[in-house]
Amino acid sequence: MYEMRRKRQQVTREACEEVLRRATSGVLAVIDADGDPYAVPLSFVYMDGKLYFHCAPVGHKIDAIRTNDRISFCVIDRDEVMPESFTTKYRSVIVFGRARIITDETEKREAIEALAVKYAPDIDEAQLAKAITADWVKFCIIEVKIDHLTGKIGRELLSSSTMSDNKTAK
């Protein structure tokens, strides 16, 4: 893995994990069977140190994962354009890891329930169970084991004294 050049802007692992817990979307990058890159935005959940997302059981993304399990995933936590100074206040996280299709039904259900709770926190258990049962055969759940995690914060945000969550790596 490349080391971050601007170490002062690198955020801690804990801060990266906070971003992954609160973010609602990210961009998954894979390499397909032809060696072409493919990046797609998606919803996900961060649980037990891993990423989980669902997808259709057929298609470009799942075919690419079956061919090459190595992935990258990027989340932009903050993106505030500052036109007057030609820059951006930003915070982002990049994950490198390996993806696998979950085949164990218990693992699959836990991941689906975690996704549902994240995106529909007020759903009642009966409604959740009904929705999962109705779409069970359509669910393909991918787990990403994280090999490397890095986060970066823009200099402008780093120097802002109003942000309390600018934890940088030491």
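A short tour of the structure in this document, coming up. The numbering scheme is per chain: residues are counted from 1 as the chain's sequence reads. Given that the model is predicted, a residue must reach a pLDDT of at least 70 before its local features are reported, and side-chain atom pairs must reach 80 or more before they are shown or counted; all residues, however, enter totals for whole chains, interfaces and linings. Excluded from the side-chain calculation are hydrogens and water; included are all heavy atoms of the structure.

**Quick notes on the overall build of the protein chain**
Alright, step 1. When helices and strands are tallied, the protein chain shows five helices and seven strands.
Alright, step 2. Along the protein chain, from the amino end to the carboxyl end, the secondary structure elements read α-β-β-β-β-α-β-β-α-α-β-α.
Alright, step 3. Accessible area is worked out with a 1.4 Å probe on protein chains only. A residue is then buried under 20% of its type maximum, exposed over 50%, and partly exposed in between. Buried residues in the protein chain amount to 39% of all 170 residues.
Alright, step 4. Two residues qualify as a contact provided that any one of their heavy atoms is within 4.5 Å of a heavy atom in the partner residue. A separation threshold of at least 6 residues defines the contact pool for the protein chain, and within that pool the share at least 24 residues apart is 72%.
Alright, step 5. Total accessible area on the protein chain stands at roughly 10,100 Å², and carbon and sulfur atoms take up 52% of it. The helix count covers DSSP runs of H or I at least four residues long, the strand count covers runs of E at least two residues long, and both are numbered beginning at the N terminus. Here the accessible surface of atoms and residues is derived via Shrake-Rupley with a 1.4 Å probe, and residues count as covered only by protein chains that are part of the display.

**Some words on the side chain of Thr 12**
Alright, step 1. Tracing the backbone shows Thr 12 in the segment before helix H1 (13-22).
Alright, step 2. Of the polar contacts made by the side chain of Thr 12, one reaches the backbone nitrogen of Ala 15; its length is 3.0 Å. Here a polar contact is taken to be a pair of N or O atoms separated by no more than 3.5 Å, where protein atoms must pair a possible hydrogen donor with a possible acceptor and residues adjacent in sequence count only if both atoms sit in side chains.

**Looking at the pattern of salt bridges**
Alright, step 1. Whenever a carboxyl oxygen of Asp or Glu lies within 4 Å of a side-chain nitrogen of Lys or Arg, that contact is scored as a salt bridge. Enumeration over the complete set of coordinates arrives at 10 salt bridges.
Alright, step 2. A salt bridge links Glu 113 to Arg 109, with the shortest nitrogen-to-oxygen separation between them at 3.9 Å. Of the two residues, Glu 113 and Arg 109 are both situated in helix H3 (residues 105-119); the distance of four residues between them amounts to about one turn of the helix.
Alright, step 3. Judged by relative accessible area, which is 30%, Arg 109 ranks as partly exposed.
Alright, step 4. Between Asp 147 and Lys 145 there is a salt bridge; the shortest N-O distance is 3.4 Å.

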